[in-house]
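A structural walkthrough
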Amino acid sequence: MSRLPDCIVVGGGVIGCAVTYELAKRSIPVLLVDQSLPGRATSASAGGLWPIGEAVGLGCGVIFHASNASSGSSANGQVHGPDALPAVFRDFLVRSNACFPELAAELQALSSIDIEYAPGAGLIFVIEAESQRAFVEHVTRSLPPSVDYEVLSPEAVARLEPNLSRDIVGGVLLSGEHQVNPMLLAEAFKRAAIKLGARFRPHLAVTGIRRQGDRVVGVEAGDEFLPGGAVVNAAGAWAAKLAATAGMELPVFPVRGQIVLTETMPQTLNACLSTSSCYLLQKAHGEVLIGSTTEHCGFDVGVTPEGIHSLCRGAVRTLPILSRVGIKRVWSGLRPGTSDELPILGPAGGLDGYFNATGGFRTGIVASPLTGRVVAEWVSGESPCCDREAFLADRFGPQFTGTRDTGSQDTGTQGRNAATSHNAAT
Amino acid sequence: MIRHRLVIVGAGPAGMAAAIAAADAGLEPVLIDENPRIGGQIYRQPPATLISKETEPTNRAARRGAELLRRFQVQSSRMTVLTNTRVWTIFGHRQLGVQGNQGRETIEAEQLILAPGAYEYVPPFPGWTLPGVMTPGGAQQMVKTMGVCPGKRVLIAGTGPFLLVVAEQLQKAGMEVVGVVEAITTAEAIRAFPRLLEHPTLLGEGLGYLNRLRRARVPINRGEVVVEARGDAEVREVVVAKCDPQWRGDPSGQRTFVVDTLAIAYGFVPRAQLPQLAGCRMRFVNELGGWIPETDGNQQTSVPGVWVAGDGGGVAGALVAEDEGTLAGLAASHQLGALDSATFERAQRPVVRRLHRLRRFRAVLDQLSRIRPGLTTIPTPDTIVCRCEELTQAEVETGIDFGGTDLRTLKVMTRLGMGACQGCMCWPAAARWIAARSGKSIEEIGPLSVRPPLGPLSVGDLARQEGISDRTPAVSLGSSEGAPT
């Protein structure tokens, strides 16, 4: 192997930290630069590890129902169901999710941080009305045989979750879907990377990528120039702005999510819950997290009366015990969205040394272990550990061209056009 | 959503003065306060049954408060006063999320004056979580609004002239005040004396307190800090040590007071959450208590139409607060077209002149009572420093050493500031520890990000439609207001 170039990772969210960690593990000299902008998705994530749930739209019921409403199905009794993410991404998420038990131990050893990986009862998609049943059955039928799921009666739901409203009519349990503390996960990746030799520059705003012809030569941070033979764009919702400084178009846009966190409560939930208006999960320190809106409103990181009202109303309907519980805080974050809801990873724009690591949308946390690995493989020139072609930017058109793996087959992911219907903070 | 032309948040001296100025200009301001009665911590009126001549100070400041209340009463028919009403967040720049007796509302203000006041600063020390340890303001409130003494024997400690005010009130209420412990050394106080002559009436007032306390045989001790409170179920003894000009305690110069109450605070911290939520640009001024919004000459913040007045914009006391409130009220009225430029300038001029003189006097006091780094050396490794999350000094220092050298990272690492008080209690100390250990300035460390709600609010409160008052109170572990009691 030829001499490895110094690599600069821009963005200290969970993806940037995971990529830095994987590069450091490979002894590639790496510098992580983080501006610490308010509103990063990692800080506003629920930390749900719901690979199947997210892939089929059940992870966040709001998404499922928005798709459901837009599919206009029931007229002729034919069920289209929500648009599931392509199998290649579902498999990617499942594989990434499988890394967590081992990763938690590895990161604990290197960073002394407990990422609060908590295998609970799983993820329950709550069926609130009979009218939802046909769609749910359609979705579950389409799952591959390897997926462990169970259709629950109202009694079975009540046994698993005694605090749930008795008005619900059933549920679907995905027993392999758990949770983690997203901020500690990012922090642990970063600490572990530093332990392995990575360098870290906090509170530094990268103002541009510097290129010489078709090569990346480093990044600019105001008056400062940081030389590097490779640059990883892990700037999350802000990734398009960074790409633009290198003259590249990147179809990533901010998708705001507002969330509500209650005060610490005694054990109230055993599983993560997904409903038509919110999802609910109890975190390691006892707070119940209520998420999340899905809004296209630029880089505004505020909260709105309508957004949090709708989340709280949905939460109280599902879990009446929450009504008198105090709220500890409400806030929002910006997910890096793409029109087909798949991440954008790897080389792009014919620019040598430039790599994308963004577009994680709702799945950045669960996808982070494998994303880190895949991007590090691109940077180091290793052979890939998994199918990664579907995530290249050039799926959006020839102007986004990256270097495809020679000899591998184009899996030809078709962009989903359902994204616009997901603007659904009802 | 309800719309109003002028909304004022906080009904202490600054908010009341702003409301009077606006009503005088012909506007009908809306004044919001979370307490049951107006007046703020300083002029709040006790319930009628508790009014007692003995507990009321008879000085010039109190007379000024009575005069302000009188002027307020005159204009009150032109105002909407919402007490027991909390602004729990600000959406955008001027939309207030409000929770009160009428349920939940969103109020859009064309012009918004924020007068949130300040809370007392209590840096952690061993034993500070014992029952019987409280702030002077907390003790004052018990005497003034509840008519109860917090105990029989009290030591009053910390820094600032407020200690003397409370000492006199507690003594008059029947408590034995075993002493006032002031961190500022006698030498420093004497050096500042000539510059305090700038405002002889205010200086005279301070000396009046000192003389009356002396006559009542309350010892005033300077150049000392509290290093420990001891007791099992409640405080029994307080250990005090001589300190250097940086307020580092000298272990060889210790003595012990036997008390059942310790009232302690090192000045005040501006309640900066509302200006922060409104998006105002903030700056750190140690002498004014911490992070405060940047303002122009008329109290307008960096956000057009958002004004700040009183201690919330920099701790400077009731007199400055009142003038700043008047100024903001005049300027906002001018902005709304209720005052023409000539009238505005005529009304503004004497206020600006008076403020200028008051601020020069305050600057000497503020310089004198600024927080010194020695206070960060008082806690021991097992001292609880974040009361909400029960974190010890050692745990926080480990977090800092592991890279938690900004408040956001430290919060993620240790959960410091993630509790019910939202970091109000612990950030001033935490920021100073980070500064001490990392060599960063507090400006670089930055303010703690504010996340609503301010104060108790339940999931049910937010689940209900606006304007519905069917309220079950939030089960809250604490509130963002005030200090430990």
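All figures in this text were calculated on a predicted structure; none of them were measured in a lab. (Residues numbered from 1 in each chain as written. Chains lettered and ligands numbered in written order. Predicted model: local features only at pLDDT ≥ 70, side-chain atom pairs only at ≥ 80, totals over all residues. Heavy atoms only, no water.)

Counting secondary structure elements, chain B contains 15 helices and 21 strands. Over its C-alpha trace chain B gives a radius of gyration of 22 Å, about what one expects of a compact globule, namely 23 Å for 485 residues. Taken over the C-alpha atoms alone, chain B extends approximately 65 × 50 × 45 Å along its principal axes. Out of the 485 residues in chain B, the part that is buried amounts to 58%. Put simply, of all contacts in chain B between residues at least 6 apart along the chain, 67% involve residues at least 24 apart. Accessible surface computed for chain B: about 19000 Å², of which carbon and sulfur atoms make up 51%. For chain B, the distance from the average position of its 53 positive side-chain charges to the average position of its 48 negative side-chain charges is 5 Å. (Helix = DSSP H or I, 4+ residues; strand = E, 2+ residues; numbered from the N terminus. Rg over C-alpha atoms; globule rule 2.2 N^0.38 Å. Buried < 20%, exposed > 50% of the residue type's maximum accessible area, 1.4 Å probe, protein only. Contact = heavy atoms within 4.5 Å. Areas by Shrake-Rupley, 256 points an atom, 1.4 Å probe, with all protein chains shown as cover. Lys, Arg positive; Asp, Glu negative; His and termini not counted. Charge placed at Lys NZ, Arg CZ, Asp CG, Glu CD.)

A separate point is the pattern of salt bridges. Should the charged atoms of two oppositely charged side chains come close, the side chains can pair. All names here are of chain A. Tallying each qualifying case throughout the model produces 47 salt bridges over all chains. Among the ionic pairs, glutamate 187 bridges to lysine 190, the shortest N-O distance being 3.4 Å. Residue glutamate 187 and its partner lysine 190 are both found in helix H8 (residues 182-195); the two are separated by three residues, about one turn of the helix. Taken individually, glutamate 187 and lysine 190 each receive the classification buried, so the pair is uniform in this respect. Across the salt bridge formed by arginine 201 and glutamate 224, the nearest N and O atoms sit 3.0 Å from each other. Of this pair, arginine 201 sits in strand S8 (residues 199-201) while glutamate 224 is found in strand S11 (residues 224-227), placing the two residues 23 residues apart along the sequence. Accessibility expressed as a relative area gives 31% for glutamate 224, which makes it partly exposed. (Salt bridge = Lys/Arg side-chain N within 4 Å of Asp/Glu carboxyl O.)

Once that is clear, we can look at the interface of chain B and chain A. Listed by partner, the interface residues are 37 residues for chain B and 35 residues for chain A. When the two sides are added together, the surface that chain B and chain A hide from each other amounts to roughly 3000 Å², 56% of it contributed by carbon and sulfur. When the area that chain B buries against chain A is broken down by residue, the three leading residues are Arg415(B), Arg451(B) and Val459(B), summing to 20%. The tally of links between chain B and chain A comes to two salt bridges. Across the pair Arg415(B) and Glu287(A) runs a salt bridge, and its minimum N-O distance is 2.6 Å. The interface formed by chain B and chain A holds 16 residue pairs in polar contact (both at pLDDT 80 or more) in total. Considering only residue class, the side of chain B that touches chain A consists of 17 nonpolar, eleven polar and nine charged. (Buried area = accessible area lost by both parts, 1.4 Å probe. Polar contact = N/O pair within 3.5 Å; in protein donor to acceptor, adjacent residues only side chain to side chain. Nonpolar A, V, L, I, M, F, W, Y, C, P; charged D, E, K, R; others polar.)

Another point: the side chain of Gln273(B). Counting through the fold element by element, Gln273(B) comes out in helix H8 (residues 273-277). Beyond its immediate chain neighbours, meaning those up to four positions away, Gln273(B) contacts Cys424(B), Val450(B) and Leu454(B).

What follows deals with the state of the cysteines. All names here are of chain B. One pass over the structure, following the stated rule, counts zero disulfides over all chains. Among the cysteines around cysteine 388, which has no disulfide bond, cysteine 421 carries the closest sulfur, lying 3.8 Å off. We classify cysteine 388 as partly exposed; its relative accessible area is 35%. (Disulfide = S-S within 2.5 Å.)

All names here are of chain B. Taking 1.5 Å per residue, twelve residues should reach 16 Å; helix H13 (residues 427-438) reaches 16 Å between its end C-alpha atoms and fits that length. Within H13, nine of the twelve residues are buried, which leaves the element mostly enclosed by the surrounding structure. Considered for burial, the residues of H13 that qualify are Trp427, Pro428, Ala429, Ala430, Ala431, Arg432, Trp433, Ile434 and Ala435. Two residues or fewer past H13, glycine 439 is found with a positive phi of approximately 80 degrees. (Expected span 1.5 Å × (residues − 1).)

To continue, consider the sheet that holds strand S12 (residues 224-230) of chain B. All names here are of chain B. With antiparallel pairing, three strands are arranged side by side in an open sheet as S12-S13-S14. Both edges of this open sheet fall to S12 and strand S14 (249-258), since each of them pairs with a single strand only. Taken over all neighbouring pairs, the strand axes of this sheet differ in orientation by 30 degrees on average, direction set aside. Sheet topology places strand S13 (residues 237-243) next to S14; six bridges connect them, and they run antiparallel. Paired with cysteine 243 across the bridge in S14 is glycine 249. (Pairing = 2+ DSSP bridges. Axes fitted to C-alpha atoms, helices over the stretch in contact; angles between N-to-C directions.)

Turning to the confidence of the model for chain B, a few remarks are in order. All names here are of chain B. Looking at chain B as a whole, the pLDDT averages 89, with 93% of positions reaching at least 70. Of the regions scoring below 50 in pLDDT, residues 470-485 engages in 48 contacts with residues more than four places distant in sequence or in other chains. In the predicted assembly, ipTM is 0.88 and pTM is 0.89. (pLDDT = per-residue confidence, 0-100.)

Attention now moves to the sheet that holds strand S1 (residues 7-10) of chain A. Residue and element names in this part refer to chain A. Pairing within the open sheet is mixed, and its six strands lie in the order S8-S2-S1-S12-S19-S18. Each of the sheet's edge strands pairs with one partner strand only, and the pair in question is S8 and strand S18 (344-347). Geometrically, the sheet is characterised by an average inter-axis angle of 20 degrees between neighbouring strands, direction not taken into account. Where S18 and strand S19 (residues 354-358) come together, four bridges link them in antiparallel fashion. Bridge assignment links leucine 345 to a residue of S19, and that residue is alanine 357.

Okay, the nonpolar core next. By size, the foremost hydrophobic cluster in this structure holds 93 residues, and its most contacted members are Leu96(B), Phe125(B) and Leu262(B). Other than its neighbours up to four places away in sequence, Leu96(B) contacts Val7(B), Val9(B), Ile32(B), Val87(B), Thr89(B), Ile90(B), Glu105(B), Thr106(B), Ile107(B) and Leu112(B). In terms of nonpolar packing, the next biggest core, distinct from the first, is built from 55 residues, Ala104(A), Leu345(A), Leu370(A) and Ala390(A) among them. (Core = buried A, V, L, I, M, F, W, Y, C linked by side-chain atoms within 4.5 Å.)

To continue, consider the pairing of strand S18 (residues 290-293) of chain B. Residue and element names in this part refer to chain B. Here strand S17 (residues 282-285) runs beside S18; their pairing, made up of four bridges, is antiparallel. Residue pairing across strands places methionine 282 opposite proline 293, the latter belonging to S18. The hairpin formed by S17 and S18 contains four residues between the paired strands, and glycine 289 there has a positive phi angle of roughly 105 degrees.

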